[in-house]
Amino acid sequence: MEDEENIEEELFLVESQLHDIQGQIKTLLDRQEELYERQLQLKALLEVSKMSRNKSNYGSSVTLEDWSGSFPWDSQADDTRFNVFGITSYRSNQREIINTVMSGKDVLVIMAAGGGKSLCYQLPAVLCNGIALVVSPLLSLIQDQVMGLAALGIPAYMLTSTTNKEVEKFIYRALDKGEGELKILYVTPEKISKSKRFMSKLEKCHHAGRLSLVAVDEAHCCSQWGHDFRPDYKNLGILKIQFPSVPMIALTATATSKVQMDLIEMLHIPKCVKFVSTVNRPNLFYKVYEKSPVGKVVIDEIANFISESYPNNESGIVYCFSRRECEQVAKELCDRGISAEHYHADMDIIAREKIHMRWSQGKSQVIVGTVAFGMGINKPDVRFVIHHSLSKSMETYYQESGRAGRDGLSSECVLYYRPGDVPRQSSMVFYENCGLQNLYDIVRYCQSKRSCRRGAFFQHFGEALQDCNGMCDNCASSIELKEIDATNHTKIVVSVLRDLKLNDQRATLLQLVDKFKAKWKGLGYSNKDVDLKREEIEQLIVQLILDHVLKEEFQHTAYSTNAYVTLGPLWKPALQGKIPD
Ligand SMILES: Nc1ncnc2c1ncn2[C@@H]1O[C@H](COP(=O)(O)OP(=O)(O)OP(=O)(O)O)[C@@H](O)[C@H]1O
């Protein structure tokens, strides 16, 4: 009896010590996770810092002169800003950029969507004698700009495939002989690379001292590391070679350090002065919703979100993965009473224009588009951008979601995520430069239940962290997260993959999960072992890919219905000790 009491007493002691130790282990594991996250951030920062050091080594320096002081053109510039452009004061960096261009320097401008990049070259173009050349990638973008400038009384023209003969003659005379009134000339990059006649007229214009400046809009298109690479942009380097004394201003909304270096090199502007504004869009609320595997449920949720949050026909965009999906989502939203129209590259240009116009004028509420609904969307009052599937990279997502709230008012960016969408994207980006790494970055953004979404953008673009002010779901919500020990699950995932590899078999993500479940049961795990739902197992597999736990040996072992899951080509022993045998 006394023995039993002693045993019970010791048992109680042991159990309470075990309880304490488990608490300590949990604290340590939490700390370990924080450190892993910090490790990733520091590695990214180190890379950015090394890149900028290399860059200064090969001479593309950022001069530190003060461009906000007084300059001889100050009063004329103020007068033009106010009386021609109707703008009462400059926004951040605009004055400095204008002063730099006016001083004859080359400039690289990185300024968030809606930040006011156009004024940075249009105002100097009006102030300077002669003609400014602007290279821009899209006809619709050019048309908008030319119309806007004409409305301000500025003689701007475009020379593109749609320009009629009369106007073309007028433009060539202006370039050649300085006749007629032409201040800003817009062309597409194809004109520079393909039209010898145009280039020889431009040469004459320059020779006569009448080419005032060259602006390259959407300059990230130069770089194949950027998100919208355009082969014809690669040839724009010729402009600086032919016209070395003419200041060049390259502008874009986003460019990682790698893209910046690339485009400085391609445009031959190694001594450019660089102005980088923050990527932060404080008025945008970022959130990720778990996406149901049932298509109709997703549409119900999107339709409810729109009709409850935006009952007054406020404008929005829904981005979809494929053309077929985009048509279907638009139709199903219409069936649920939302005025939505689809937009994709398979439609003819007139139909697309009509749909864009109706939406711009508020006659339809939502455009359901593919990536084709891209550059040149200048609608300021887009209140929400919903992603029906994840984008292929952080940059693409930043651009697409950034079409919300250009007027500075509160707007929402919602992404519907399910791991099952990852293989579809990975099959598309598999052969792109860094395609998988870029995809994994956005997947990491989606899978995170803790980190600040805004912080992920700062990290991606190599910028110091800023306060989110509760403007993302992870910062705003106080949901308690349930934590589980997934060691056994991970062991099973790895062993399922080993079996497949051994038998030279392949499996879709769905099949992988089925095999996992069968093995889980077969191994006789009891009820107190955590039984995960299908989506949770999918999330675990994707997380293991992201954490590089699944080694290279499993690459291509798993397939989705018709696409690679592409497991872990980037394995590194970051999680040593956690990798199961
Ligand atoms: N200093 C300013 N004050 C007020 N409005 C301005 C100022 N500068 C520009 N704007 C206005 O802000 C809007 C966005 O400018 P702009 O089209 O140049 O943006 P952007 O940086 O080119 O954006 P995107 O990358 O999306 O094309 C325009 O309506 C423009 O007239």
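Values in this document were obtained by computation on a predicted structure and should not be read as measured data.

Q: How should I be thinking about the sheet that holds strand 5 (residues 211–216) in this particular structure?
A: Pairing between sheet strands relies on hydrogen bonds along the backbone, with the strands arranged either parallel or antiparallel. Spatially, 3-4-2-5-6-1-7 is the arrangement adopted by the 7 strands of the open sheet, whose pairing is parallel. Each edge of the sheet is formed by a strand with only one pairing partner; in this case those strands are strand 3 (156–159) and strand 7 (273–276). Sheet twist, expressed as the mean angle between neighbouring strand axes with direction ignored, is 20 degrees. Inspection of the sheet shows strand 2 (residues 131–135) paired to strand 5 by 5 bridges, in the parallel sense. Each bridged residue has a counterpart across the sheet, and for leucine 133 the counterpart in strand 5 is valine 214. Here helix 8 (residues 196–207) sits on the sheet in contact with strand 2, strand 3 and strand 5, set at roughly 135 degrees to strand 5.

Q: Would you mind showing me how to read the site of the ligand here?
A: Residues in contact with the ligand amount to 13 residues; listed here are only the nearest, Arg91, Ala113, Gly116, Lys117 and Ser118. When residues in the shell around the ligand are grouped by element, the largest group, 3 residues, is from helix 4 (residues 117–127). Along the lines of polarity and charge, the residues of the shell around the ligand split into 6 nonpolar, 5 polar and 2 charged.

Q: How do you make sense of the nonpolar core when you look at a structure like this?
A: Taken as a class, soluble globular proteins show a tendency for nonpolar side chains to be buried jointly. In terms of nonpolar packing, the biggest core is built from 70 residues, with Val318, Leu333, Val366 and Val368 touching the most fellow members. Looking at this core, the element that brings in the most residues is helix 16 (residues 435–447), giving 7 residues. If we ignore the near neighbours within four places in the chain, the residues touching valine 366 are Ile306, Gly316, Ile317, Val318, Leu333, Ile338, Ser339 and Ala340. Core analysis: the next-biggest nonpolar cluster, separate from the first, contains 64 residues, Cys120, Leu149, Ile184 and Cys222 among them.

What counts, and where the lines are drawn
- Residues numbered from 1 in each chain as written.
- Predicted model: local features only at pLDDT ≥ 70, side-chain atom pairs only at ≥ 80, totals over all residues.
- Pairing = 2+ DSSP bridges.
- Helix = DSSP H or I, 4+ residues; strand = E, 2+ residues; numbered from the N terminus.
- Axes fitted to C-alpha atoms, helices over the stretch in contact; angles between N-to-C directions.
- Contact = placed C-beta atoms within 7 Å.
- Near = placed C-beta within 6 Å.
- Nonpolar A, V, L, I, M, F, W, Y, C, P; charged D, E, K, R; others polar.
- Core = buried A, V, L, I, M, F, W, Y, C linked by C-beta atoms within 7 Å.
- Buried ≥ 20, exposed ≤ 12 C-beta atoms within 10 Å, placed from the backbone.

Purely spatial values, then, with no claim about function.
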